[in-house]
Amino acid sequence: MGEANLSAVVNKLKEFYGKLQQASGVLLPAWRQVYGETRTVTFNDIITAYTRDPSCKAFVDFLADQAVGAGFYTTVNEKYVHAEEAKQLVDGFNETVNLDELLQVAAREIVASGNSFWLKTEPEHLQNLKILPLTGFDNPTAIKRNQYGTVTGYNYSYGDVKTSFAPEKIIHFRWNPVNFSAYGTGVLQVLLTELSFNGETRISFLEMKARIEKIMPEIFEKYAGPDELWIFAGASDEKLAEYQKLIKTKPKAGARFVYNKPEADIKTVTVDPKARYEAYIDHILNQVYLGGQTPLPKLFTTPGFTEASARAALEIAERKVMALQRFIKRTCEREIFNPIIRQAGLDPAKANCRLNWGTEKPEVKLEDLIRLAEISATSETPYVRPEEVRKNLAKAGFELWENKQ
């Protein structure tokens, strides 16, 4: 390339990047629009960690079970004229697609990776939902966005299937996106990510843990039965070979040696008691537990973990669970419940259909409590005690005074 041509190319590049800097509303770098966004930790890495590392599986299962394990029920605005019809539509759809089971799977994917992708087979007339495999979105151009960050399409590739989906066909549960990323962030990312700083690279904490666990059986096998040196002073080479063959047949751990020189000494290989690695191992394991964001492993593995400490740890974990529940709840209401109600010609805003976690409880009215108190007073069976009636009345807003005598 001549000097003039090279200068022209450089000027074109300067002009291009100058326009990018001056353009208003350009939020997403141009190269990310064209080439897609590369994930440092792939979905395949996350699935491998979940299926093969007990602690990773415990982290994910604990948080997911706490969030969605108790099931859910729906409620609507009872004052809406079509409230009963709206609830029947939503509950019928949930039963048809088995939404409870879908949420069990999705919760694990969201906790582990920060993402879950659901396919609406008929987005204009929602009839069915399917969870697509996470690894189908591992390619760098899986999520296409414009310069404002709005998703313009999904490129799906799983096995021999390669296809594209319009944005309205995919429900993307994107939990905790970082730095304007198209993807969410789960609890296993930080455990699987390397850290580069000042030219130095630190391997991931999960790899540190895996290396420790890999070498532990080797150390046990090496030092459970120490290496031995057997001395047969004055024995001939033929006799020595016979002894060696006999010793090697004995089922005992550790290496065995025979020697017929009198200057030899008996040696055994043992672990140096001055080598203390417990603090280093504890630090790495603690970092893994912190990354898992749940106290479950500590509760099961740490001696002396008191009941008060366990309760405090679980209360902290509940904040994470509540945030996860709220995220899943709002996504389901917006992406599933509202379209179901809307396509039936009803008003989602007036129906106000909500997903509630746990088991549906019957509504207890004040007149029911009073009637039960009357039955208790006139029968031999105290269904409700007077103090319980007073507490419920106070809870309902009645101002009560204690009887001073």
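What you are looking at is a predicted structure, and each value in this text was computed from that prediction instead of being measured.

Reading the values: the criteria
Residues numbered from 1 in each chain as written. Predicted model: local features only at pLDDT ≥ 70, side-chain atom pairs only at ≥ 80, totals over all residues. Heavy atoms only, no water. Helix = DSSP H or I, 4+ residues; strand = E, 2+ residues; numbered from the N terminus. Buried < 20%, exposed > 50% of the residue type's maximum accessible area, 1.4 Å probe, protein only. Contact = heavy atoms within 4.5 Å. Areas by Shrake-Rupley, 256 points an atom, 1.4 Å probe, with all protein chains shown as cover. Pairing = 2+ DSSP bridges. Axes fitted to C-alpha atoms, helices over the stretch in contact; angles between N-to-C directions. Core = buried A, V, L, I, M, F, W, Y, C linked by side-chain atoms within 4.5 Å. Salt bridge = Lys/Arg side-chain N within 4 Å of Asp/Glu carboxyl O. Expected span 1.5 Å × (residues − 1).

Participant: Would you explain the overall build of the protein in this entry?
Facilitator: From N to C terminus, the protein includes 15 helices and 12 strands. Out of the 405 residues belonging to the protein, those deemed buried represent 32%. Contacts spanning at least 24 positions in sequence make up 66% of the contacts within the protein whose residues lie at least 6 apart. Surface exposure of the protein reaches about 26300 Å², of which carbon and sulfur atoms provide 55%.

Participant: Please explain the sheet that holds strand E6 (residues 161–165) as it appears in this structure.
Facilitator: Each strand in a sheet pairs with another by means of backbone hydrogen bonds, the pair being arranged parallel or else antiparallel. With antiparallel pairing, the three strands of this open sheet are ordered in space as E4-E5-E6. Where the open sheet ends on each side, the last strands, each with one partner, are strand E4 (143–145) and E6. Adjacent strand axes in the sheet meet at a mean angle of 15°, parallel and antiparallel pairs treated alike.

Participant: Just to check I follow, could you spell out the nonpolar core for this structure?
Facilitator: The biggest cluster of nonpolar side chains holds 72 residues, and the ones touching the most others in it are Leu99, Phe117, Trp118, Leu188, Ile328 and Ile336. Looking at this core element by element, the count peaks at 10 residues for helix H12 (residues 307–343). Once residues lying within four places of it in the same chain are set aside, the contact partners of Leu188 are Ile46, Ala49, Tyr50, Cys56, Val60, Val111 and Ala112.

Participant: What is the right way to look at unusual backbone geometry in this model?
Facilitator: Backbone phi values are negative for most residues with the exception of glycine, while trans is the configuration of most peptide bonds. Positive phi values are uncommon outside glycine, yet Asn179 reaches one of about 55°. Along the chain, Asn179 turns up in the loop between strand E7 (170–174) and helix H7 (189–192).

Participant: Before we go on, may I ask you to explain the pairing of strand E1 (residues 72–75) in this structure?
Facilitator: Residues in a regular strand point their side chains to alternate faces of the sheet. Because side chains alternate across E1, one face comprises the buried residues Phe72 and Thr74, and the other comprises Tyr73 and Thr75, none of which is buried. One ladder, built from four bridges, connects E1 with strand E12 (residues 354–357); its direction is antiparallel. The residue bridging Phe72 from the neighbouring strand is Trp357, located in E12.

Participant: In this structure, what is going on with the pattern of salt bridges? I would like to understand it.
Facilitator: It is possible for side chains bearing opposite charge to pair when their charged atoms get close. Per the counting criterion, the structure on display carries 13 salt bridges. Residues Arg108 and Asp61 are paired through a salt bridge, measuring 3.1 Å at the closest nitrogen-oxygen approach. Here the residue Arg108 occupies a position in helix H6 (residues 99–113), and Asp61 occupies one in helix H4 (residues 54–68), the gap between them amounting to 47 residues. On the basis of relative accessible area, Asp61 is assigned to the buried category, the value being 13%. Salt-bridge contacts for Lys209 lead to Glu213; the nearest nitrogen and oxygen are separated by 2.9 Å. Of the two residues, Lys209 and Glu213 both sit in helix H8 (residues 205–224), four residues apart, roughly one turn of that helix. Look at Lys209 and you get buried, because its relative accessible area is 6%. What makes Glu213 partly exposed here is its relative accessible area of 40%.

Participant: Just to check I follow, could you spell out the pairing of E6 for this structure?
Facilitator: Judged from the five bridges that link them, strand E5 (residues 151–158) and E6 form a sheet pairing that is antiparallel. Residue pairing across strands places Asn155 opposite Ser164, the latter belonging to E6. Taking the residues between adjacent antiparallel strands as the criterion, E5 and E6 are bridged by two residues, where Gly159 takes a positive phi near 65°.

Participant: Is there a simple way to think about the sheet that holds E7 in this case?
Facilitator: Taken together, the three strands give an open sheet; going across it, the order is E3-E2-E7, and neighbouring strands pair in antiparallel fashion. Either end of the sheet is taken by a strand with one partner, and the two such strands are strand E3 (129–132) and E7. The mean angle between the axes of side-by-side strands here comes to 25°, regardless of whether they run parallel or antiparallel.

Participant: I tried to follow H4 on my own but got confused; where do I start?
Facilitator: The periodicity of an α-helix, 3.6 residues per turn, causes residues three or four places apart in sequence to face the same way. Helix length check: H4, at 15 residues, gives a terminal C-alpha distance of 21 Å against a target of 21 Å (1.5 Å per residue), a fit within 8%. Three or more residues of H4 are buried, namely Ser55, Cys56, Phe59, Val60, Asp61, Phe62, Leu63, Ala64, Ala67 and Val68.

Participant: Where do I start with the environment of Thr135 in this structure?
Facilitator: Within the secondary structure, Thr135 sits in the loop between E3 and E4. For the pair Thr135 and Gly159, spaced 24 residues apart in the sequence, the C-alpha separation amounts to 9.6 Å. Beyond its immediate stretch of four places on either side in the chain, Thr135 contacts Phe43, Asn44, Ile47, Ser157 and Tyr158.

Everything listed here is a matter of coordinates, which is why it stays silent on function.
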